[in-house]
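Architecture and fold: a report
Chain by chain, the residues:
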Amino acid sequence: MPHCTVIVITGASRGLGRAIAVAFASCLSPFGEHIRVILVARSKADLIHTERDMHNAVNGSAVHLEIFCCCADLADLSALESDIDNIFHLASQSAKDSDDVPFDRAILINNAGSLGYLGKVRDMASLVDLQHAINLNVTSSIWISSQFVSKFSRRGANCLIVNISSLCAIEPFSTMSVYCSGKAARDMLHTVLAKEESNAESSSEIRILNYAPGMCETEMSRDLCNSDSLDSDLQRMYRKALQEKTMVQPRDTAEKLVQIITANNFESGKHVDFWDDAA
């Protein structure tokens, strides 16, 4: 069992990101004696909400839990390098109460993302909006994972990156081309990273999981239900699932993700779906 663990969660202010943060807080003991969690998103108020929910979920655990909220717009590439440097510097500092307490396990939940353009490919009209979606969903995701591995493997920490994926990464959905493309690119990047690190000579173990959380009931799914640009059949499917309450609840898929991480028996680089029996 690792002595201490640092966990960085992007897109942690609401929805699935918040649920994952709370799931970790309710299951601290497998991750060591001292846990530091870095919550990253744009909204300070929403991050504080997540922090409060995490503290409420701890239920008297003896594990020492530190939580830090970091506001950053990960789509702003002009500030991305400095923002990520600051986040990982905070994450890698020694524990507050003891300078010689090492963080020997590091976990990144690479979750931040957006739907981007919805509509037929031929009808795209804004290059600026397209670039913004690519900046957030692809470029910043790649950079964060790259710098995470570089930073923490050099410190001798065992690393786990969870790329929050989707069925859209492996199946095409009409009118969701930008979202599907972003998820596919992220999956491939992280699969390549897993292959590279499996062959690397390093004292640190580096593992990668592409995790598809299922069709979750979040603000994003509600946006799809209400979009006039979404494929009509796809919209009906989302609306039916929302009305009949058959969507996956963020809490359930977050808890399953923490169980998968704790069991640690997945193949590095594999795409694992919430509904997979093997997960």
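The following paragraphs examine the structure supplied in this document. (Residues numbered from 1 in each chain as written. Predicted model: local features only at pLDDT ≥ 70, side-chain atom pairs only at ≥ 80, totals over all residues. Heavy atoms only, no water.)

A few points about the nonpolar core
Grouped together as the largest cluster of nonpolar side chains are 41 residues, with contacts concentrated most on Ile9, Phe24 and Leu39. The element that contributes the greatest number of residues to this core is helix H1 (residues 15-25), accounting for seven residues. Dropping the residues within four chain positions of it, isoleucine 9 is found in contact with Gly17, Ile20, Ala21, Phe24, Val37, Ile38, Leu39, Val40 and Ile109. Judged by nonpolar contacts, the second largest core, of 32 residues, contains Val8, Phe68, Ala75 and Ile87. (Core = buried A, V, L, I, M, F, W, Y, C linked by side-chain atoms within 4.5 Å. Buried < 20%, exposed > 50% of the residue type's maximum accessible area, 1.4 Å probe, protein only. Helix = DSSP H or I, 4+ residues; strand = E, 2+ residues; numbered from the N terminus. Contact = heavy atoms within 4.5 Å.)

A look at the pattern of salt bridges
Pairing between side chains of opposite charge can happen when their charged atoms approach one another. Throughout the structure, instances matching the rule amount to four salt bridges. In this structure, the salt-bridge partner of glutamate 219 is arginine 14, at a minimum N-O distance of 2.9 Å. Here arginine 14 lies in the loop between strand E1 (4-10) and H1 and glutamate 219 lies in helix H6 (residues 219-226), a separation of 205 residues in the sequence. Exposure remark for glutamate 219: the relative accessible area of 39% places this residue in the partly exposed category. You can call arginine 14 partly exposed: its relative accessible area is 42%. With a shortest N-O distance of 3.1 Å, glutamate 255 and arginine 251 are connected by a salt bridge. Here glutamate 255 and its partner arginine 251 are both found in helix H8 (residues 250-263), four residues apart, which amounts to about one turn of the helix. (Salt bridge = Lys/Arg side-chain N within 4 Å of Asp/Glu carboxyl O.)

Some points on the side chain of aspartate 273
With respect to the secondary-structure elements, aspartate 273 resides in strand E7 (residues 271-273). For the buried aspartate 273, which has no salt bridge, the nearest side chain bearing the opposite charge is lysine 256, at an N-O separation of 7.2 Å. Only 2.9 Å separates the side chain of aspartate 273 from the backbone nitrogen of tryptophan 275, close enough to count as a polar contact. (Lys, Arg positive; Asp, Glu negative; His and termini not counted. Polar contact = N/O pair within 3.5 Å; in protein donor to acceptor, adjacent residues only side chain to side chain.)

Concerning the sheet that holds strand E2 (residues 34-41)
Taken together, seven strands build an open sheet; the order of strands is E3-E2-E1-E4-E5-E6-E7 and the sheet is parallel. Where the open sheet ends on each side, the last strands, each with one partner, are strand E3 (64-71) and E7. Across the sheet, the mean angle separating the axes of adjacent strands is 20 degrees when strand polarity is ignored. Of the strand pairs in this sheet, strand E6 (residues 206-212) and E7 are connected by three bridges, and their pairing is parallel. Residue pairing for E7: asparagine 210 is matched across the bridge by histidine 271. Most of the contacts of helix H5 (residues 177-198) go to E6, to which it runs at about 155 degrees, and overall it touches strand E4 (105-110), strand E5 (158-164), E6 and E7. (Pairing = 2+ DSSP bridges. Axes fitted to C-alpha atoms, helices over the stretch in contact; angles between N-to-C directions.)

Some words on the layout of surface pockets
Empty space within the second largest pocket amounts to approximately 180 Å³. Residue lining of the second largest pocket: Gly15, Arg18, Ala19, Val22, Ala23, Ser26, Asp53, Pro250, Arg251 and Glu255, and that is the complete set. Among the secondary structure elements, those contributing two or more residues to the lining of the second largest pocket are H1 and H8. For the lining of the second largest pocket, the leading source of residues is H1, giving five residues. A class-by-class count of the residues in the lining of the second largest pocket yields four nonpolar, two polar and four charged. (1 Å grid on protein atoms, 1.4 Å probe; cavity = no way out; pocket = protein on both sides within 12 Å on 5 of 7 lines; lining within 4 Å. Points joined across faces, edges and corners; volume = space filled by probe spheres on them. Nonpolar A, V, L, I, M, F, W, Y, C, P; charged D, E, K, R; others polar.)

Brief notes about the environment of arginine 239
Note on placement: arginine 239 falls in helix H7 (residues 232-243). According to the relative accessible area criterion, arginine 239 is partly exposed, its value standing at 36%. In this structure the C-alpha to C-alpha distance between arginine 239 and leucine 189, which are 50 residues apart in sequence, comes to 32 Å. Setting aside chain neighbours within four positions, we find arginine 239 in contact with Cys225 and Asn226. Among the polar contacts listed, one links the side chain of arginine 239 to the backbone oxygen of cysteine 225, at a separation of 2.8 Å.

Description of the packing of helix H4 (residues 127-154) against H5
Packing of H4 against H5 brings their axes to within 10 Å, and their N-to-C directions diverge by 15 degrees. The orientation of H4 with respect to H5, classified from their angle, is roughly parallel. When the axes of H4 and H5 are compared, the crossing they make is right-handed. Listed contacts from H5 to Leu130, Ala133, Asn137, Val138, Ser141, Ile142, Ser145 and Val149 of H4 are Val178, Gly182, Ala185, Arg186, Leu189, His190, Leu193 and Glu197. Here the residues of the contact of H4 with H5 sort into nine nonpolar, five polar and two charged. (Parallel < 35°, antiparallel > 145°, perpendicular 65-115°, else oblique. Left-handed = near helix turned anticlockwise from the far one by under 90°.)

Details of H1
When you tally the buried positions in H1, you get nine out of eleven residues, the bulk of the element. Those residues of H1 that fall on the buried side of the exposure criterion are Leu16, Gly17, Arg18, Ala19, Ile20, Ala21, Ala23, Phe24 and Ala25. Buried residues in H1 make contact with E1, E2, helix H2 (44-58), E4, E5 and H8.

Brief notes about the packing of H1 against H8
The contact between H1 and H8 brings their axes to 8 Å, and the two run at 50 degrees. When the axes of H1 and H8 are compared, the pair comes out oblique. As for the relative orientation of H1 and H8, their crossing is right-handed in sense. Taking contact as the criterion, the partners of Gly15, Leu16, Ala19, Ile20, Ala23 and Phe24 in H1 are, on H8, Pro250, Arg251, Thr253, Ala254, Glu255, Leu257, Val258 and Ile261. In the contact of H1 with H8, the residues fall into ten nonpolar, two polar and two charged.

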